[in-house]
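Below are the chains, spelled out letter by letter.
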Amino acid sequence: VPAMMLRFVAYIITHSYFKIEIHGQEKLPLKSGALLVANHFSLMDPFLVVAAAPRMLRFVMDRKIYEYPLWNWLMKRLNMIPVGGRLDAAEREEFNKVCQQEVNSNHVLCIFPEGQISRIGHLLEFKKGIEHIAKGIEVPIIPIMIKGERGTLLSFDIGSSKPVINWFKSFRRKITIEIGDPVAATSKAPELRQKMQILNAKAFKRRIRKYHSLPY
């Protein structure tokens, strides 16, 4: 029930606050498992991914946030997977097994492979951890590009250490969510990042297409 409620609330909030265009939603599986990888420019990203997916999702999240007493009970019921900043070999292996078990059990898991929110306006390097998780999964990896977040609520301006908190600045801002074709689980981190860059270009082309039809 909490997971269903979160998806409903996320859909209402994101579609009311932003103007969201979703492309490629049919590429997300309705019953089988999948590993989603998405770019990370804002604290709103999980809500946007939830709003774009027709499934209940699980997320990998920072352990400090997961264990915060105010919402730890909810994170557990939402089947979030906590991960610490520094893991020894045994902890890393256990974390990978938990992620693999989720997707191989026909659940959809979403990971932000950059490992942190970008504060430079571009994609960061994809961490190798995504490769270790993918080694033990039997489902495809699906890239998701979220375009148009920079400068919106809870995103970070270039070089800033504090998120944007002006609620009215980005009200009804257009957000484009581009869902790519499934790729093999054997794909390396740089390959996944390249796929994301291609989606970035497609989303950018969609966003400026209307301006090409306007007279100078």
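Each remark here, short or long, concerns the structure printed above.
Notes on the structure follow. Every residue gets a number counted from 1 within its own chain, in the order that chain's sequence is written. Where totals are concerned, whole chains, interfaces and linings use all residues; where local detail is concerned, this predicted model gives features only for residues with pLDDT of at least 70, and gives and counts side-chain atom pairs only at 80 or more. Side-chain descriptors were evaluated using all non-hydrogen atoms of the structure, hydrogens and water having been removed beforehand.

A word on the layout of surface pockets
Okay, step 1: Considering only enclosed or pocket space, the largest pocket measures out at about 1600 Å³ in volume.
Okay, step 2: Contributions of two or more residues to the lining of the largest pocket are made by α1 (2-17), α2 (45-52), β3 (57-62), α4 (72-77), α5 (89-104) and α6 (129-134).
Okay, step 3: Secondary structure elements follow DSSP: runs of H or I of four or more residues count as helices, runs of E of two or more count as strands, with numbering from the N terminus. The biggest single contributor to the lining of the largest pocket is α1, with five residues.
Okay, step 4: Any residue that is not Ala, Val, Leu, Ile, Met, Phe, Trp, Tyr, Cys, Pro, Asp, Glu, Lys or Arg is counted as polar, Gly included; the first ten are nonpolar and the last four charged. For the lining of the largest pocket, the per-class residue count stands at 30 nonpolar, eight polar and four charged.
Okay, step 5: Of the voids in this model, the second largest pocket is the one considered here, and its volume is about 370 Å³.
Okay, step 6: Space inside and on the surface of the protein is sampled on a 1 Å grid over the protein atoms alone, with a cavity defined as a set of points where a 1.4 Å probe fits but cannot get out and a pocket as an open set with protein on both sides within 12 Å along at least 5 of 7 lines; lining residues have an atom within 4 Å of a point. Lining of the second largest pocket is provided by 17 residues; of these, Gly121, Lys147, Gly148, Arg150 and Asn200 occupy positions nearest its centre.
Okay, step 7: The leading source of residues in the lining of the second largest pocket is helix α7 (residues 189-212), at five residues.
Okay, step 8: Here the lining of the second largest pocket is built from residues that sort into six nonpolar, six polar and five charged. Grid points are joined across faces, edges and corners, and a volume is the space filled by probe spheres set on the points.

Digging into the packing of aromatic side chains
Okay, step 1: For this analysis, a ring pair means two rings from Phe, Tyr or Trp (six-membered ring only for Trp) whose centres lie within 6.5 Å, classed as stacked if their planes differ by under 30 degrees, edge-to-face if by over 60, and tilted for the remaining angles. The tally for this structure, following the rule as stated, stands at four aromatic pairs.
Okay, step 2: Where Tyr17 meets Phe171, the ring centres are 5.7 Å apart and the plane angle is 70°; that geometry is what we call edge-to-face. Placement of the pair is Tyr17 in helix α1 and Phe171 in the loop between β6 (141-147) and β7 (174-179), with a sequence separation of 154 residues.
Okay, step 3: The class of Tyr17 is buried, set by a relative accessible area of 9%.
Okay, step 4: For the ring pair Phe59 and Phe112, a centre distance of 6.3 Å and an interplane angle of 20° mean the geometry is stacked. Taken together, the residues span a long stretch of sequence, with Phe59 in strand β3 and Phe112 in the loop between β5 (108-111) and α6 at a distance of 53 residues.
Okay, step 5: Through a chain of ring-to-ring contacts, the aromatic side chains of Tyr17, Phe18, Trp167 and Phe171 assemble into a single cluster.
Okay, step 6: Lying over the aromatic face of Phe156, Arg119 brings its terminal NZ or CZ to 4.0 Å of the ring centre. Relative accessible area decides the class of each residue, using a 1.4 Å probe on protein chains only: under 20% of the type maximum gives buried, over 50% gives exposed, and in between gives partly exposed. Charge over a ring is defined by NZ of Lys or CZ of Arg lying within 6 Å of the ring centre and within 35 degrees of the ring normal.

A look at the pattern of salt bridges
Okay, step 1: The salt bridge definition used is simple: a Lys or Arg side-chain nitrogen within 4 Å of an Asp or Glu carboxyl oxygen. Summed over all chains, the structure comprises seven salt bridges.
Okay, step 2: Among the ionic contacts, a cluster of salt bridges with common partners joins Glu178, Lys202 and Arg206.

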